Amino acid sequence: MECLEELLKCRYKLAKLVGYDSYGHRGLKGTMAKNPETVMSFLQLLTEKLSQRTAKDFQMMREMKKKLNPRNAELMPWDHPFLSGVLRAERYNIEPSLYSPYLSIGACMEGLNNLFSQLYGVSLMSEHPGAGETWSDDVRKLAVVHETEGLLGYIYCDFFHRRDKPHQDCHFTIRGGRWCQETDQYQLPVVVLMLSLPHPTKSAPTLLTPGMMENLFHEMGHAMHSMLGRTRYQHVTGTRCATDFAEVPSILMEYFATDYRVISQFARHYETGQPLPESMVARLCESKKVCGAADTQLQIFYAVLDQIYHGKPQNRSTTEILKEMQEKFYGLPYIPNTAWQLRFSHLIGYGAKYYSYLMSRAVASMVWNQCFVQDPLNRDMGERYRREMLAHGGAKEPMLMVEGMLQRRPGIEDFVDALVSELNPNFETFLMDSES
Ligand SMILES: [Zn+2]
């Protein structure tokens, strides 16, 4: 507790030293949100617009708890993840192992290759690494090649589980792209895409659950941000951009990964060649909306806490602030003598920018709905997306990139509406269910 409170005090002092009102004001410079006031009104408006749905989600959880535990029916914070899982299973019963035979790693990579060639005219080509070039024998090297521009960069795919390898899926840069004045050529970007997939067996290739497939698409979104970036300087290329913009390209890929028109191009049963049935994809998408408002509300609470902690110092402990914000922005009771903030490690790395994921998701949702939902394989939109958003890395103001893509300047209200409308049920899925 002392460490955290000391850290926040020091951060405030640092920010004041260089002329800012608070650490949040300093941290948000150059982001889409620009300042803490905008972040707070985004989180507040989102809370208001979600409030009815959140209340409904908690009510469903309460009823389920009454059924499972009639003697102790009050809904507590630890019930939320468990009961939303129970409700999801009761309604949709998604069994990942029923999906994975359709999602072999080969099929998924083929799907990504198809998608990129249709959107950008770019192919992923397997290349043999030289002796000593990779850090493990199972690392694959992909050359990213454009149909007219030629080689754009390299992606090392470190996909498989290894002892001592971190479990976190991630993308990182080995070398950023940049213009080299000396040679008048572009220094090609080199990145790594790291996952922790199971190895293939004698009888089956590596099979991905829907979650693993979405993660692969997500990380590939980061990698393509680097590959398609064409910036003058390497320190602002690809993913080296404003934190609240950085997840836009990767979250956008999750929309492609859950769209049947994209999935149907590659998801085939590895033994029978049968395509993945459309109804299974639709049910998967609907299952994610179960308790979605309550889940988002929890993220809002975390983001608010991060904002307040990094605002002007207050004459009370971080625990007292947590208690107040939990009641105001979450709704489930605070448990006396606990201090959850001490486990919120993102306070350190994100520092006043934890809201970034919510805002990136809002922008990705707007881009998907306005530019790709009608035709997710549209080349003109792919080119516009590359030109307006991916090419600039962090070298252009992020809201100008969003404006260039959407051809209008969205406001906070649009961001909020984008997130709220995602929770609407898709009526076609209901029809499909009643037909079958
Ligand atoms: Zn990401």
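Residues numbered from 1 in each chain as written. Predicted model: local features only at pLDDT ≥ 70, side-chain atom pairs only at ≥ 80, totals over all residues. Heavy atoms only, no water.

- The Sequence similarities (unreviewed entry) field of the UniProt record for the protein holds the comment "Belongs to the peptidase M3 family."
- As recorded by UniProt, the Subcellular location (unreviewed entry) comment attached to the protein reads in full: "Mitochondrion". (UniProt positions renumbered as here; feature names shortened; annotations may be inferred.)

### Some thoughts on the overall build of the protein
Step number 1: Scanning the protein from N- to C-terminus turns up 19 helices and seven strands.
Step number 2: Taking 2.2 N^0.38 as the reference for a compact globule, 436 residues should give roughly 22 Å; the C-alpha atoms of the protein span a radius of gyration of 23 Å, in line with that estimate.
Step number 3: Each of the three principal axes of the protein carries a C-alpha extent, and together these read 60 × 60 × 45 Å.
Step number 4: By residue count, 51% of the 436 residues in the protein fall in the buried class.
Step number 5: The contacts in the protein between residues at least 6 apart in sequence include a share of 71% that link residues at least 24 apart.
Step number 6: Within the structure as shown, the protein displays about 21100 Å² of accessible surface, and the carbon and sulfur contribution to it stands at 52%.
Step number 7: Of the charged side chains in the protein, 47 are positive and 51 negative, and the gap between their average positions amounts to 4 Å. (Helix = DSSP H or I, 4+ residues; strand = E, 2+ residues; numbered from the N terminus. Rg over C-alpha atoms; globule rule 2.2 N^0.38 Å. Buried < 20%, exposed > 50% of the residue type's maximum accessible area, 1.4 Å probe, protein only. Contact = heavy atoms within 4.5 Å. Areas by Shrake-Rupley, 256 points an atom, 1.4 Å probe, with all protein chains shown as cover. Lys, Arg positive; Asp, Glu negative; His and termini not counted. Charge placed at Lys NZ, Arg CZ, Asp CG, Glu CD.)

### Comments concerning the coordination of the zinc ion
Step number 1: Around the zinc ion, the donor atoms from the protein are H218 (NE2), H222 (NE2), E247 (OE) and E247 (OE), and they sit 2.1 to 2.8 Å away.
Step number 2: Considering all four donor atoms around the zinc ion, the spread of angles at the metal, 51 to 140°, places the coordination shape in the irregular class.
Step number 3: All donors of the zinc ion come from a single chain, and their spacing in sequence reads H-x3-H-x24-E. One end of the pair, H218, is in helix α7 (residues 210-228); the other, E247, is in the loop between α8 (243-246) and α9 (248-257), with 29 residues separating them in the sequence. (Donors = N, O, S within 2.8 Å, 3.2 Å for Na, K, Ca; no water. Tetrahedral: all angles 85-135°; square planar, octahedral: opposite > 155°, others 65-115°.)

### A closer look at the environment of G111
Step number 1: For G111, the location among the structural elements is in helix α6 (residues 105-120).
Step number 2: Look at G111 and you get buried, because its relative accessible area is 2%.
Step number 3: For the pair G111 and D21, spaced 90 residues apart in sequence, the C-alpha separation works out to 48 Å.

### Brief notes about the environment of G106
Step number 1: Following the sequence through the fold, G106 ends up in helix α6.
Step number 2: Sequence separation of G106 and L151 is 45 residues, and the distance between their C-alpha atoms is 22 Å.

### Thoughts on the environment of E254
Step number 1: Inspection of the secondary structure puts E254 in helix α9.
Step number 2: As for E254 and E214, which are separated by 40 residues in sequence, their C-alpha atoms are 5.7 Å apart.
Step number 3: Dropping the residues within four chain positions of it, E254 is found in contact with E214, H218 and Y357.

### Side note on the packing of aromatic side chains
Each pair of aromatic rings is reported with the distance of its centres and the angle of its planes.
Step number 1: Across all of its chains, the model carries 19 aromatic pairs by this definition.
Step number 2: Both rings, one in W179 and one in Y186, keep their centres 4.9 Å apart while their planes meet at 80°; by these two values the pair is edge-to-face.
Step number 3: Measuring from centroid to centroid gives 5.8 Å for F301 and Y330, while their planes differ by 5°, and the two rings are stacked. Placement of the pair is F301 in helix α12 (residues 292-309) and Y330 in the loop between α13 (318-329) and α14 (346-350), with a sequence separation of 29 residues.
Step number 4: You can call Y330 buried: its relative accessible area is 6%.
Step number 5: In textbook terms, an aromatic cluster arises when at least three aromatic residues are bridged by ring pairs, as seen for F58, F301, Y302, Y330, W340, F344, Y350 and Y354. (Phe/Tyr/Trp six-rings, centres within 6.5 Å; stacked < 30°, edge-to-face > 60°.)

### Focus on the nonpolar core
Step number 1: F116, I155, F159, L216, M220, F372 and M389 are the most contacted members of the largest nonpolar core, which has 122 residues in total.
Step number 2: Composition of this core by domain shows at least three residues from each of domain 1 (1-93 + 289-436) and domain 2 (100-273).
Step number 3: Once residues lying within four places of it in the same chain are set aside, the contact partners of F372 are L119, L252, F256, V367, M381, G382, Y385 and M405.
Step number 4: The next biggest cluster of nonpolar side chains, apart from the first, holds seven residues, and it includes A143, V145, V190 and V192. (Core = buried A, V, L, I, M, F, W, Y, C linked by side-chain atoms within 4.5 Å. Domains from an automatic or database assignment.)

### Brief notes about the packing of α6 against α7
Step number 1: Where α6 contacts α7, the two axes come as close as 11 Å, and the packing angle between them is 40°. In terms of orientation, α6 lies oblique with respect to α7. Where α6 crosses over α7, the two elements pack in a sense that is right-handed. Contacts between α6 and α7 involve I105, C108, M109, L112, L115, F116 and Y120 from the former and M213, L216, F217, M220, M224 and L228 from the latter.
Step number 2: Considered class by class, the residues forming the contact of α6 with α7 number 13 nonpolar, no polar and no charged. (Axes fitted to C-alpha atoms, helices over the stretch in contact; angles between N-to-C directions. Parallel < 35°, antiparallel > 145°, perpendicular 65-115°, else oblique. Left-handed = near helix turned anticlockwise from the far one by under 90°. Nonpolar A, V, L, I, M, F, W, Y, C, P; charged D, E, K, R; others polar.)

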